[in-house]
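# Working through the structure, step by step
Each chain, written out:
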Amino acid sequence: MSDHRLDLSRPVSDEVRKTTCYMCACRCGIDVHLKDGKVRYIEGNRDHPVNKGVLCAKGSSGIMQHYAPARLDSPLLRTGPRGSGEFRKISWEEALRLATEWLGEVRDRDPKKLAFFTGRDQSQSLTSFWAQQFGTPNYAAHGGFCSVNMAAAGIMTIGGAFWEFGAPDWERTKLFVMFGVAEDHDSNPLKMGISKLKKRGARFVSVNPVRTGYSAVADNWIGVRPGTDGLLILALVHELLKARRIDIDYLVRYSNAPWLVIDAPETADHGLFARDAEGKPLVFETVTERVVPAGTKGARPSLSGRTTLSDGRAVAPSFQLLAEEYLDPRHAPEAVADRVGVDAATIRGLAEEIGRVAFDEAIEIEQPWTDVYGQRHQTFVGRPVSFHAMRGISAHSNGFQTARALHLLQVLIGAIDCPGGFRFEPPYPKPLHAHPRPHGKSEHFGSNQPLAGPHLGFPLGPEDLLVDAEGKPTRIDKAFSWEAPISAHGLMHMVIANAHAGDPYPIDVLFLYMANMAWNSSMNTAGVIRMLEDRDEATGEYRIPKIIYSDAYSSEMVAYADLVLPDTTYLERHDCISLLDRPISEPDSVNDAIRWPVVEPDRDVRAFQSVLIDLGARLRLPGFSDSRGQPLYADYADYIVRHERRPGIGPLAGFRGLGADRTGRGAANPDQLNRYIENGSFFSAHIPPEAQFFKHANAAYQDFAVRMGFFDQPQPVTFQLYSEELQKFRLSAQGLREPAAPEAYRERIVSAFSPLPSWYEPFEEAGVDKSAFPYHAITQRPMAMYHSWGSMNAWLRQIHTRNPLYVPGAICDAHGLKDGDWVWLTSHHGRIKVEIARSETVNRDTMWTWNAIGKRSGAWALDPASPEATRGFLMNHLIHELLPPKGDGMRWSNSDPITGQAAWYDLRVNIEKAEPDVASQPHFEPQKRGTREVADELRYGQEWSR
Amino acid sequence: MTSLPSQPTPKKLGLVIDLDVCVGCHACVVSCKEWNTGGYGAALSDQDPYGPDVSGTFLNRIHSFEVTPEGGEVVGEAGAARLIHFPKSCLHCEDAPCVTVCPTGASYKRTDDGIVLVDEDMCIGCGLCAWACPYGAREMDLAAGVMKKCTLCIDRIYNETIPEVDRVPSCVRTCPTNARHFGDLADPGSAVSIMVAERGGMDLMPEQGTKPVNKYLPPRPRKPLAAKAVPAAEDTRGATGFFAWVDDMLDRI
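Residues numbered from 1 in each chain as written. Chains lettered and ligands numbered in written order. Predicted model: local features only at pLDDT ≥ 70, side-chain atom pairs only at ≥ 80, totals over all residues.

## Brief notes about the overall build of chain A
To keep it simple, the criterion reads: Secondary structure elements are taken from DSSP: a helix is a run of H or I of four residues or more, a strand is a run of E of two residues or more, and numbering for both begins at the N terminus. Based on C-alpha atoms, the radius of gyration is set beside the globule rule, defined as 2.2 Å times the residue count to the power 0.38. Here a residue counts as buried when 20 or more other C-beta atoms fall within 10 Å of its C-beta, as exposed when 12 or fewer do, and as partly exposed in between; the C-beta atoms come from the backbone.
A tally of regular secondary structure across chain A gives 25 helices and 33 strands. For 946 residues, the compact-globule estimate of 2.2 N^0.38 gives 30 Å, and chain A sits close to it at 27 Å. In terms of its C-alpha atoms, chain A occupies a principal-axis envelope of roughly 80 × 80 × 70 Å. The 946 residues of chain A split such that 64% are buried.

## Considerations on the interface of chain B and chain A
Here is the rule we go by: This entry defines residue contacts through backbone-placed C-beta atoms, with two residues in contact when those atoms are within 7 Å. At least two bridges found by DSSP between two strands is the condition for calling them paired.
Residue-level contacts link 76 residues of chain B with 87 residues of chain A. Put simply, the parts of the chain that give the side of chain B that touches chain A at least two residues each are helix 1 (27-37), strand 2 (46-47), strand 5 (82-89), helix 4 (154-157), helix 5 (170-174) and helix 7 (238-252) of chain B. Per-element tally for the side of chain B that touches chain A: the top contributor is helix 7 of chain B, with 9 residues. Two elements, strand 33 (residues 937-938) of chain A and strand 2 of chain B, share 2 bridges in a ladder whose sense is antiparallel. Note on strand 2 of chain B: the bridge partner recorded for A:Leu938 is B:Asp46.

## Here we look at the sheet that holds strand 12 (residues 260-263) of chain A
Residues and elements named next belong to chain A. Inclusion rule: Axes here mean lines fitted to C-alpha atoms, for a helix over just the part in contact, with angles spanning 0 to 180 degrees between N-to-C directions.
Read across the sheet, 3 strands follow the order 12-16-15 without closing on themselves; strand pairing throughout is antiparallel. Looking at strand neighbours, the two that pair on one side only are strand 12 and strand 15 (307-308), the edges of this open sheet. Packed on one face of the sheet, helix 9 (residues 318-327) meets strand 12 and strand 16 (314-317) and runs near 70° to strand 16.

## Regarding the packing of helix 10 (residues 333-340) of chain A against helix 11 (residues 344-360) of chain A
Residues and elements named next belong to chain A. Selection rule: Crossing handedness is read from the near helix: turned anticlockwise from the far helix by less than a right angle, it gives a left-handed crossing, and turned clockwise, a right-handed one. All amino acids are sorted into three groups, where Ala, Val, Leu, Ile, Met, Phe, Trp, Tyr, Cys and Pro are nonpolar, Asp, Glu, Lys and Arg are charged, and the leftover types, Gly among them, are polar.
Packing of helix 10 against helix 11 brings their axes to within 8 Å, and their N-to-C directions diverge by 115°. In the crossing of helix 10 with helix 11, the sense of the turn from one axis to the other is right-handed. Across from Pro-333, Glu-334 and Ala-337 in helix 10, the residues of helix 11 making contact are Ala-344, Ile-347 and Arg-348. A class-by-class count of the residues in the contact of helix 10 with helix 11 yields 4 nonpolar, no polar and 2 charged.

## Overview of the domain arrangement of chain A
One frequent convention defines the size of an interface as the accessible area lost when the parts assemble. All names here are of chain A. Rule in force here: Domain ranges listed in this record stem from an automatic or a database domain assignment.
One can read the domain layout of chain A as domain 1 (160-430), domain 2 (723-755) and domain 3 (763-914). One C-alpha centre belongs to domain 1, the other to domain 3, and the line joining them spans 33 Å. Listed per partner, the contact involves 21 residues of domain 1 and 27 residues of domain 3.

## Observations regarding the nonpolar core
Residue and element names in this part refer to chain A. What counts is decided by this rule: We call a set of buried Ala, Val, Leu, Ile, Met, Phe, Trp, Tyr and Cys residues a nonpolar core when their C-beta atoms link them within 7 Å.
Formed by 372 residues in total, the largest nonpolar core has its most connected members in Leu-232, Leu-236 and Ala-389. With 9 residues, the single largest contributor to this core is helix 7 (residues 229-242). Once residues within four sequence positions are removed from consideration, Leu-232 is found in contact with Val-207, Val-224, Val-336, Val-340, Val-342 and Ile-347.

## Notes on the packing of helix 20 (residues 724-733) of chain A against helix 21 (residues 743-752) of chain A
Residues and elements named next belong to chain A. Axis separation between helix 20 and helix 21 bottoms out at 8 Å; the angle between their running directions is 145°. With respect to the hand of their crossing, helix 20 and helix 21 are arranged in left-handed fashion. Here Phe-729, Arg-730 and Ala-733 of helix 20 come into contact with helix 21, specifically with Tyr-745, Arg-746, Ile-749 and Val-750. When the residues that make up the contact of helix 20 with helix 21 are grouped by side-chain class, the tally is 5 nonpolar, no polar and 2 charged.

What follows is the structure in structure tokens.
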């Protein structure tokens, strides 16, 4: 039997090039093996701080992404009507000339008539800088329909949030609780972490209406009803307070629990913090029984009891209000169990387990350190309970307050940035006031001038809103207006609807990057398509006159563009994964990374970022061209190396200085990208051991952060359990504080902007007849496709070719449904006809499906008869961008009232059996499939076979 | 008919798959595909890759099952349905029916390490082996007309041109939850054998008598949360008592 020919030591490839994956937002290091100029194999980079060698299905399918026939291959100018997909190929020179002409005219005449929004991009520090130099107030990325609730609530409460801001201490945590769908961001580290903690015998609890993905391996699954996570969390808080399972020392030291809140109803100061002349918040000192500024050395602040200030105003520590609020029996497990859909014993069991692990299994690391008040500690004390959440709790209209509640819970047990808890990742934590205020008021922009400051940021009160004298929004998406005051990531999901309606004003040019707004990234997809196709009756012009779109693939959105700027694949481009943008640091290290062209494009395409820099120079934008109008940068690679945001601080932190020996701050190093490539395309700097925990109040960490250039002076964070910023909005809505909120917004602000985390019924649920729409319907992306549209990928599409509606057994039985039946699923807005599959791993009132598997016929270079286009479907058709009318004459956006986050998961539906069918409904006219030849068989790598 | 090795193989190379941590992410499925389409033997082809009847050759697939355990002790909470993600590839059986059924000698089990392979030069694509395999672990490549199966990445595990640490199957190297382990199951001291002993590693369908080398580790035992549900701090009498406790705690700091 030894005559079988085997070549066991064949070299894998001619060359390995290390770069960064872009199949999703995880940004793992990859080793790309090249053979005969083609990609032979992609594996995880073992040295990389994010993925440490592993790689998911998406990353491993990079070959099929890179060679997909859906790749665009040339700039395109629309020739047919919008949506038809009929284009003429044009040269880059013609494309850039046209874009410059369209954009230049807007910049000259009225820069706000450009709306520039980016989708799944990872270059927001460049795109935002470009938009600021252009001078339009209308810029944001896609966070408004993604997870801004999570980001904003985290930053406003603890100075950071999950994912890019921090991670559970996987090595030490003994209880990990994950809320909602969170398979998306940071997916490989999450998978690695869950496996690690399970091997150690730690408990993993999943709170999620659907038990798939990570929840499938959870020790305990709590199948909560969608939108009630906040109720559940506050019941946990109730139980922990009752059981005295809270860390008083931690609260006094790191939170605003002792800060005195003014009790002066019907005045402009009611509910604000009492402050001294310098604006420092005050506490009541128990030894001297005097009111002193917070942080006074040696002070022993009180957490309870009312007192009177010298000016006669009554005050009480915020903790007093907090405890009174959450000890109230309406937060008891029994009081909420029914609504949450989880029995009281389970809620109590979870609370008890959290308390037990946090306090009875506390851990200590022997490591002396000094806090920012100068006090020396011998150890780091850890409460080994950690949490994670992302879009699951975020994509509700009560998501902001729910995320705040989750951070409140973590602070109460002392589990933020301690051993075993949730740990910050640099450059976070960062206090709210260290973030910029939003810019976009009318005095911030004008003809041919840059915007006065960054577009996005955090208003500290109503005075920072981007509204005119009458309170009307100045931004096209109405971000930072009374409708969504703290919309820190903008409201991309409202741009097309608002521009179409001319409310607050029409625009001339819509410029989008990597955002499939004509399909799965919009609510009310059919309506949005109509808006993009709609013409002005008088002029015959499209209501949104010009659309420029850049993407690498022929997505549904491409067909709606007038001018298409084809992007490269991720293997053909330079990128930086920057600390100025969305960092990839780990709790113990500061990291950033690059992409570089490991293969050359074989088509007439250009990396979008280089195109944007070229456009910037052609438009003679400051920052992109010099005083003589000459381009400042050759391309994105040149920008990455030479651009400085502040002196010595550029997009990349590593290998700075002429000797490549400076980290964080240092002169631009012309050889920087080569040094990154030699290092595996990433850079990592370790945080000193004494600086690794309690970063929010750790003197060594704060010094490290200043040295690295995150801040120019220490920026410790005091956790804001009670939010004065939210209270300021409430006072405005009560008419007690200037600027007063317009009448129409008052009720909604008063009820949603509670300064302590709260729960209210999701708006759609509150607005519809619950008996007419008795069920919930939610979506998630499958792990093999998350953040990666994926259906143009021949390997990934075989894993998820269609998406049934998963319906709980009890609902199936009640409606006489079985596997493979067709149903009408109806919401207040529309109905879809789809195929079902019975499932028991789901909350009894909830049905769900995989999102964005359904494609429009002809898009993504798929055969129009493909299952994605026939049987696949979008839930988006049921979700309106506006809430049902309330009879108040307003149509409110279907978003969180605080941040404007799209409330995808608030959807309520009814289900009824339908006649069997062969295709889901609605069905749209096919788009033209593109010009590229599509193979009917793939034998990738056959030439290497032997 | 083809013979199996007359003696037990000195090594039994195989996989140990941990069902306690497999989340069904398909990383192993795709990594296997990308390695093997350019590796041993013919490419793993895909038919109608961008059309309605898309299908392709995969050497490793994940099947997902819903189960509702009856007890609360072993696999989950009583009455709560679970989703089991079950990766499946060739189990490199000791008594491999796919080998003995082969009319040409193309299907064989290696005498030294027990890996079951197909010599594609000898394979006539008759498909008997796929019929004989009770696990459905073999797939006929429609373009090449030869039978494809897991090779345990034989062109990786002995490959002296790659770093030693990488000489493991592609699925094992890539698995983000570390649910896949590779080693010699004939050696009781190997990490995989110890894992099987400690965790009660199981054969898939032992009643088939194939003596699979690959093993599956069952989910670890887990306890329901509700068992811990004792009412919290029953002696609390509202906020007054609570703040007295807070003051007491503050005094102790």
